[in-house]
Amino acid sequence: MRIKSLFFILCLFCMNVFAQEEALTSALYDSYTVYKETSLNKRRIKHHELQPLITAYRKNPRFTVKTVGQSIEGRDLNLISIGNGKTNVFLWSQMHGNEPTATQAIFDIFNFLESTDFKEEKRTILNNLTLHFLPMLNPDGAERYQRRNRLGIDINRDALQLQSPEGRTLKRVRDSLQADFGFNLHDQSTYYNAERTNKPATISYLAPAYNYEKEINEVRGNAMKVIAFMNKIIQQYAPGQVGKYNDDFEPRAFGDNIQKWGTSTILIESGGYSNDVEKQEIRKLNYVSILSAIYTIAKGSYTDIPLEDYWEIPENDRKLFDLKITNVNYKIFDKPYTLDIGMNRLEVNREDYNSFWYSSRIVDQGDLSTYYGYETLDATGYTIREGKVAPETIKIPSQLDEQTIVSLLKNGYTYVRCTNIPKDWDSSPLPIHLIGKTFKVPEFLLEVGVNPTFLLEKDGAIAYAVINGFLIDLFDNSKALYFIFNNAMLFR
Ligand SMILES: [Zn+2]
């Protein structure tokens with residue numbers, strides 16, 4: 001027996017310091033669906049959707065739930081705590097109302113903590129740490145799916161003035177906990193990439209500076225080490241898709257000040273991931289990496305990570321388009337020119353802020369060789385052709401089946417006149433624009449700011465259509481149009 005346990009201890013010493021963390025990370029990734037909080041399954045989540053979940057934790061003796069403040073419109077801000085350890089870890093999410101990814105991940109983490117699995121790892125976490133979560137710090141912004149709060153200010157520029165009740169709550173909670181670690185959880189634009197690569201910055205990190213000199217003390221150094229640890233995790237599941245934010249000091253920001261007040265502060269920004277519009281894969285990466293980070297903080301093993309690992313994370317850049325078309329011919333006054341075109345699909349909130357439709361824009365054209373696209377087409381040899389209004393007017397949209405639409409596009413028509421467009425439609429669900437009885441389509445121009453709508457012709461045949469920034473391959477029968485397409489425009 002004694003020999004056996006001695007052997008076990010020796011084995012433990014032989015193991016790579018991070019082997020246990022790595023094993024936990026893979027187990028968390030593989031078992032994720034068990035813990036995913038399925039009632040929160042899209043980005044436009046609202047405060048009232050969180051309340052039944054929080055109420056359940058109020059009744060759960062392992063959790064402590066305290067109402068720590070209220071938003072301007074009177075929505076409760078709740079702090080949910082668990083654990084008995086000396087080290088306080090404070091995590092807050094969604095101080096920008098339209099940045100919900102980590103809020104969802106927090107409820108996944110609660111499901112994990114509440115379950116009876118991973119006993120050993122959870123004992124390590126909860127005996128060494130007390131975890132405090134403040135999900136959805138800006139519920140009024142979330143209600144309208146907007147960045148700012150009801151006062152119209154950016155809470156993340158209110159750390160000094162403390163005019164917003166949400167900002168005051170954040171400061172008061174931080175001060176009362178004197179938290180050792182802080183996780184400042186945000187979303188960033190999906191157009192960020194890891195510098196000089198076509199990889200989206202799916203996750204970006206920052207250990208914010210606490211002064212203009214950008215000095216590194218132990219507090220900030222510890223944040224950098226935990227970030228370096230998390231970067232290694234994300235690299236396994238989204239290789240090359242991590243960026244590091246510029247660390248210029250912003251004296252008004254919470255992250256910078258919380259670092260200054262003595263809490264090792266880790267900024268996490270959830271960005272883009274190919275074909276993950278609702279960011280559910282990124283939410284999973286949040287869950288896995290934050291829980292793994294919590295585990296390494298509990299074990300203290302992050303202290304062995306060299307600071308250089310932090311600086312090796314590539315810088316964030318903003319050089320992605322949703323669609324990039326390169327080397328296309330464009331004729332103006334009958335003379336041909338060669339251009340690249342960058343297009344983005346911009347979300348327009350519906351009135352209830354529960355869903356959205358796309359209104360796309362050309363955002364740049366010319367030499368875009370330093371830019372990248374989630375989707376790209378090399379259009380060498382193709383010429384841009386203007387889309388016309390179909391000669392036949394239809395009564396109702398259902399007269400257009402897929403075959404008819406493909407045939408219209410191949411014949412150079414990108415608009416269909418329709419006499420009875422349903423009143424409640426804000427956009428065309430078909431892969432072709434719908435226009436009202438008298439609408440006049442403006443003169444075709446290829447320029448920044450316009451809706452990307454045109455056809456690509458080669459040897460007299462139209463091979464591709466770009467409708468509202470979505471690329472349609474007219475000769476690819478393998479893909480059903482309706483599935484690769486979200487919406488076209490509707491002009492009454
Ligand atoms: Zn933010």
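Residues numbered from 1 in each chain as written. Predicted model: local features only at pLDDT ≥ 70, side-chain atom pairs only at ≥ 80, totals over all residues.

1. A look at the domain arrangement of the protein
Each assigned domain of the protein is listed with its residue range as follows: domain 1 (14-317) and domain 2 (320-491). Summarising the inter-unit geometry, the C-alpha centres of domain 1 and domain 2 are found 38 Å apart. If you look at the interface, domain 1 gives 10 residues, while domain 2 gives eight residues. Residues belonging to the side of domain 1 that touches domain 2 are distributed by class as follows: four nonpolar, three polar and three charged. (Domains from an automatic or database assignment. Contact = placed C-beta atoms within 7 Å. Nonpolar A, V, L, I, M, F, W, Y, C, P; charged D, E, K, R; others polar.)

2. Description of unusual backbone geometry
A positive phi angle is found at K279, which is not glycine, with a value near 60°. You can see K279 is positioned in the loop between β9 (264-270) and α11 (280-299). Owing to 23 C-beta atoms within 10 Å, K279 belongs among the buried residues under this scheme. (Helix = DSSP H or I, 4+ residues; strand = E, 2+ residues; numbered from the N terminus. Buried ≥ 20, exposed ≤ 12 C-beta atoms within 10 Å, placed from the backbone.)

3. Considerations on helix α8 (residues 165-177)
Over its 13 residues, α8 extends 18 Å from the first C-alpha to the last, a length consistent with the 18 Å expected when each residue adds 1.5 Å. Residues of α8 that are buried include every one of P165, E166, G167, T169, L170, V173 and R174, and no others. Contacts made by the buried residues of α8 are with β1 (64-70), β2 (76-83), β3 (87-93), β4 (129-134), β5 (181-187) and α10 (254-260). (Expected span 1.5 Å × (residues − 1).)

4. Description of the confidence of the model for the protein
Scored by pLDDT, the protein comes out at a mean of 95, with 96% of its residues at no less than 70. In the model, residues 6-14 has pLDDT below 50 throughout and makes zero contacts with residues more than four positions away in sequence or in other chains. (pLDDT = per-residue confidence, 0-100.)

5. Description of helix α5 (residues 101-114)
An ideal rise of 1.5 Å per residue puts 20 Å on 14 residues; α5 measures up with 21 Å between its terminal C-alpha atoms. For α5, the buried fraction is high: 12 of the 14 residues fall into the buried class. For α5, the set of buried residues is T101, A102, T103, Q104, A105, I106, F107, D108, I109, F110, F112 and L113.

6. Remarks on the nonpolar core
In this structure, I227 and I294 are the most contacted members of the largest nonpolar core, which totals 122 residues. Looking at this core, the element that brings in the most residues is α11, giving 11 residues. If you count residues domain by domain, this core takes at least three from each of domain 1 (14-317) and domain 2 (320-491). Non-local contacts of I227, meaning those with residues more than four positions away in its chain, are made with Y205, A207, I266 and Y310. (Core = buried A, V, L, I, M, F, W, Y, C linked by C-beta atoms within 7 Å.)

7. A few points about the sheet that holds β4
One open sheet holds the eight strands; their spatial order is β1-β2-β4-β3-β5-β9-β7-β8, and the pairing between them is mixed. Of all the strands in the sheet, the pair left with one neighbour each is β1 and β8 (242-244). Within the sheet, the average angular offset between the axes of one strand and its neighbour, ignoring direction, is 20°. When β5 meets β9, the two strands line up parallel, connected through seven bridges. Within the sheet, the bridge partner assigned to F181 lies in β9 and is S264. (Pairing = 2+ DSSP bridges. Axes fitted to C-alpha atoms, helices over the stretch in contact; angles between N-to-C directions.)

8. Remarks on the sheet that holds strand β22 (residues 490-491)
Taken in spatial order, the four strands line up as β16-β17-β18-β22 in an open sheet, and their pairing is parallel. Edge positions in the open sheet fall to β16 (388-389) and β22, since each of these has one partner strand only.

9. A short note on the pairing of strand β21 (residues 470-473)
Two strands pair when backbone bridges link them, and strand β20 (residues 461-467) and β21 are joined in this way by four bridges, in the antiparallel orientation. Bridge pairing links I467 to F470 in β21. Linking β20 to β21, which pair antiparallel, is a turn of two residues; within it N468 sits at a positive phi near 50°.

10. Let's talk about the packing of helix α2 (residues 19-30) against α11
It is the contact of α2 with α11, at a shortest axis distance of 10 Å, that shows an interaxial angle of 150°. In terms of orientation, α2 and α11 fall into the roughly antiparallel class. Of the two elements, α2 crosses α11, and the hand of that crossing is right-handed. For the pair α2 and α11, contact is made by E21, L24, T25, L28 and Y29 and by V288, L291, S292, Y295 and T296, respectively. Split into classes, the residues belonging to the contact of α2 with α11 amount to six nonpolar, three polar and one charged. (Parallel < 35°, antiparallel > 145°, perpendicular 65-115°, else oblique. Left-handed = near helix turned anticlockwise from the far one by under 90°.)

11. Considering the environment of N316
Here N316 shows up in strand β10 (residues 316-317). Note on N316: 22 C-beta atoms within 10 Å, which makes it buried. The spacing of N316 and Y192 is 124 residues in sequence and 6.5 Å in space, taken between C-alpha atoms. Among all residues touching N316, those that are not within four sequence positions of it are Y192, A201, S204, G243, K244 and Y245.

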